[in-house]
Amino acid sequence: VQLQASGGGLVQAGGSLRLSCAASGRTFSTYGMGWFRQAPGKEREFVAAISWTGGGTYYADSVKGRFTISRDNAKSTVYLQMNSLKPEDTAVYYCAADPYGRGPSLRLRHEYDFWGQGTLVTVSS
């Protein structure tokens, strides 16, 4: 599967952005989907994930209550709604796909077989 992330940009602190990740192929509904981010000089970290059934969602503590992950299988797209953005949210955001992924293991980078190219989010103070 090929993944195309979009929706990044420059926003002021307190603002909102919605990231999208469009997947190719007809098996999107069987993939657990995740969002990770990587800030300059830091390791890539888990942000949010949703199980392939859509029944489970998982968030990093740093974004819980501010970010929401969702999926639209008809559009083969996963979204990340980001509200109350902070300067520390500045990073390149990547989407990733895990075949039949579900459960807390979706927090782990090595669980994912496919990665998108990333979209830059910059939050100014």
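Residues numbered from 1 in each chain as written. Predicted model: local features only at pLDDT ≥ 70, side-chain atom pairs only at ≥ 80, totals over all residues. Heavy atoms only, no water.

J.: When you look at the overall build of the protein chain in this model, what are you seeing that I'm missing?
T.: The helix and strand inventory of the protein chain stands at 0 helices and 11 strands. Reading the protein chain from its N terminus to its C terminus gives the helix and strand order β-β-β-β-β-β-β-β-β-β-β. Compactness check: the protein chain gives a C-alpha radius of gyration of 13 Å against a globular reference of 14 Å for 125 residues, within 12% of the reference. In the protein chain, once contacts between residues fewer than 6 apart in sequence are set aside, the share between residues at least 24 apart is 60%. For the protein chain, the exposed surface amounts to about 6200 Å²; the carbon and sulfur share of it is 47%. Side chains of the protein chain give 13 positive and 9 negative charges; the mean places of these two sets differ by 5 Å. (Helix = DSSP H or I, 4+ residues; strand = E, 2+ residues; numbered from the N terminus. Rg over C-alpha atoms; globule rule 2.2 N^0.38 Å. Contact = heavy atoms within 4.5 Å. Areas by Shrake-Rupley, 256 points an atom, 1.4 Å probe, with all protein chains shown as cover. Lys, Arg positive; Asp, Glu negative; His and termini not counted. Charge placed at Lys NZ, Arg CZ, Asp CG, Glu CD.)

J.: Just checking my understanding: could you explain the state of the cysteines for this structure?
T.: Here, disulfide denotes a covalent bond that connects the sulfur atoms of two cysteines. In this structure the tally under the stated criterion is 1 disulfide. One disulfide in the model links cysteine 21 with cysteine 95; its S-S distance is 2.1 Å. Across the S-S bond of cysteine 21 and cysteine 95 the torsion is about 65°, and the bridge reads as right-handed. With cysteine 21 in strand β3 (residues 17–23) and cysteine 95 in strand β9 (residues 91–99), this pair connects stretches of sequence that are 74 residues apart. For cysteine 21, a relative accessible area of 0% gives the class buried. (Disulfide = S-S within 2.5 Å. Buried < 20%, exposed > 50% of the residue type's maximum accessible area, 1.4 Å probe, protein only.)

J.: How do you make sense of the side chain of threonine 30 when you look at a structure like this?
T.: Tracing the backbone through its elements, the reader meets threonine 30 in the loop between β3 and β4 (31–38). Here threonine 30 falls in the buried class, since its relative accessible area comes to 17%. Here the side chain of threonine 30 touches threonine 27 through a polar contact of 2.7 Å, landing on its backbone oxygen. Other than its neighbours up to four places away in sequence, threonine 30 contacts Trp52, Asp98, Pro99, Tyr100 and Gly101. (Polar contact = N/O pair within 3.5 Å; in protein donor to acceptor, adjacent residues only side chain to side chain.)

J.: Please explain the pattern of salt bridges as it appears in this structure.
T.: A side chain with one charge may pair with a side chain of the opposite charge, provided their charged atoms come close. One pass over the full model with this rule turns up 4 salt bridges. Notably, a salt bridge pairs glutamate 45 with arginine 37, separated by 2.7 Å at the nearest N-O pair. Measuring nitrogen to oxygen at the nearest pair gives 2.8 Å for the salt bridge that ties arginine 66 to aspartate 89. Placement of arginine 66 in the loop between β6 (57–59) and β7 (67–72) and of aspartate 89 in the loop between β8 (77–82) and β9 is noted, with a sequence separation of 23 residues between them. Summarising the burial analysis for this pair, arginine 66 and aspartate 89 share the class buried. (Salt bridge = Lys/Arg side-chain N within 4 Å of Asp/Glu carboxyl O.)

Don't take any of this as a statement about function, it's just geometry.
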